[in-house]
Amino acid sequence: MMNFDTIVVGAGQAGPFLAAKLVDRGLNVALVEARDLGGTCVNRGCTPTKTLRKSARVAYMARRAAEFGVQVGPVKVDFAVAMQRMQDRVDQARSGLESWLGGLQGLRIIKAHGRLAGRDGGEFLVQAGEHILRAPQIILNTGTRPFVPPIPGLPQNPHLDSEGLLALRELPGKLVIIGGGYISIEMAQIFRRLGSKVAIIENGPRLTGREDADVSAAVTEMLQSEDIDVYVGVSIAAVEPGETQGGTCVRLADGRIIGGSHLLVATGRVPNTDDLGLDSVGLRVNMRGYIATNDRLETQVPGIWALGDINQRGAFTHTSYHDQDVLAENLAGGQRSADARNSIYAMFTDPPLAHVGLYEADAKRLVKEGRRISQAVHAMKDVSRAKEESETVGVIKLLIDEDSGLFLGATMFGIQADEVIQSIGLVMASQGTWRTVREALPVHPTVTEFLPTIIDRRKPLGVN
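In what follows, the accompanying structure is described. If you're wondering where the values come from, they're calculated on a predicted model, not measured in any experiment. (Residues numbered from 1 in each chain as written. Predicted model: local features only at pLDDT ≥ 70, side-chain atom pairs only at ≥ 80, totals over all residues. Heavy atoms only, no water.)

A few words now on the overall build of the protein. When you go through the protein residue by residue, the secondary structure sums to 13 helices and 24 strands. Relative to the 2.2 N^0.38 estimate, which gives 23 Å for 464 residues, the radius of gyration of the protein is 24 Å and therefore close to what a compact globule would have. Projecting the C-alpha coordinates of the protein onto the three principal axes gives extents of approximately 70 × 65 × 45 Å. With 464 residues in all, the protein has 50% of them scored as buried. A sequence separation of at least 24 residues applies to 64% of the contacts in the protein between residues at least 6 apart. Carbon and sulfur atoms make up 50% of the accessible area of the protein, which amounts to about 21,000 Å² in all. Here the protein holds 50 positive side-chain charges and 53 negative ones, and the gap between their average locations is 2 Å. (Helix = DSSP H or I, 4+ residues; strand = E, 2+ residues; numbered from the N terminus. Rg over C-alpha atoms; globule rule 2.2 N^0.38 Å. Buried < 20%, exposed > 50% of the residue type's maximum accessible area, 1.4 Å probe, protein only. Contact = heavy atoms within 4.5 Å. Areas by Shrake-Rupley, 256 points an atom, 1.4 Å probe, with all protein chains shown as cover. Lys, Arg positive; Asp, Glu negative; His and termini not counted. Charge placed at Lys NZ, Arg CZ, Asp CG, Glu CD.)

Here you go:
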């Protein structure tokens, strides 16, 4: 039996940093992780994909070099080199995390699958490989894994998830992707720019289904402009062997066949809660497997907290990291609430799509209830910085409450949207009004400097 003050199960973007703060306060902490420190973000998500995205963008810009008066000749991508650059960055990030955590006094790292194993008096037991751990406080940060949909023929035919795709060292001739969400779209553009032919299949009516319809249409148009085939509103009948060895075909319900050398299944993710032994302590999950928490990230079992993707508060690295910041302060006597923050995120296409707060459909429902809400919409092609850089794809959309002056939400699709969105996010977090942004002195020439102009052009939001 090994005794600790706190046991952290899962070493994604919340667990390690919270553990470090707790040992700095003099606590004896165990960090249990079955795979690699850093979780999905460092090893299979943000770090590798954004590194590979850069290689794809360099190839794309090299092909466009003549537009800018630069002659480069034929552009050839060395896929193996690009993938090795990606892997080197992952190895560097993970080893840095391992070195830092391994040097912390009071932190015991246990590389094993951890699961709750009941109680011992007023404390909890955790089975971690051959070890039995005991502590009065448990932090769960076990993340999610790719969801595999029940498509006929899929289990019997070769297919990849996002992790398997990043393990490739030979460029796919044609990559067929099932799913029209953010992972699907990012990977589609990256691999198209690296040289693969790409097709996306989405059974919903449009890609990026949670976004405003006009934004979704703009994203689709961008992908199609790069010769990516997009099929939306279609049903998949089955997955079948391809005409070439190792290839795979997707047969649609209308009889069409979409074949490729590789098949990526990117239809969402499911929480890693099914093998955590939650029943042993009376902790329940909802019908999708997520653990409910209150605004302090406490579960219904006192002494157990759930952080990151498994609490269904946003499947983003930054949300997970913010969770641990909230909990760390509260464990020290603070009163922070996870409910107080606005949802903010970006899809790292090129250009990026970013969003904070409400969507247009949400705002229209409030208008029907009597709220006075205005909207400002401005095309990126009319932004000077975008024109100067020949990066004119996209749109900026702002939602403003006319009575309070507060921003309710913003969507930005275009050059530097992932950075610009945070200016609105920070104003929203600090309860600043549109006048705060309108009267501030901006830097020229930037995308952000157009926000005052856009605000001045807002109009009452209609409901039709």
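Now that the structure has been shown, the text picks up again.
What follows concerns the pairing of strand β19 (residues 344-347). Here is the key point about a regular strand: its side chains alternate between the two faces of the sheet. When β19 meets strand β20 (residues 353-357), the two strands line up antiparallel, connected through four bridges. Bridge pairing in β20 places Tyr 345 opposite His 355. Counting the residues that bridge the hairpin from β19 to β20 gives five residues. (Pairing = 2+ DSSP bridges.)

This paragraph deals with a nonpolar patch on the surface. Residues Phe 68, Val 70, Val 72 and Val 75 make up a contiguous nonpolar surface patch of roughly 300 Å² in combined accessible area. Examined against the element boundaries, Val 70 turns out to sit in the loop between α3 (46-63) and α4 (79-102). For Val 70, a relative accessible area of 42% corresponds to the partly exposed category. (Patch = residues over 30% accessible without salt bridge, like charges linked within 9 Å, V, L, I, M, F, W, Y side chains within 5 Å. Salt bridge = Lys/Arg side-chain N within 4 Å of Asp/Glu carboxyl O.)

Here helix α6 (residues 182-194) spans 18 Å end to end across 13 residues, near enough to the 18 Å set by a 1.5 Å rise per residue. Counting buried positions along α6 gives 11 out of 13 residues, so the element sits mostly inside the fold. Within α6, burial applies to Tyr 182, Ser 184, Ile 185, Glu 186, Met 187, Ala 188, Gln 189, Ile 190, Phe 191, Arg 193 and Leu 194. Directly beyond the C-terminal end of α6, a positive phi value near 125° is found at Gly 195. (Expected span 1.5 Å × (residues − 1).)

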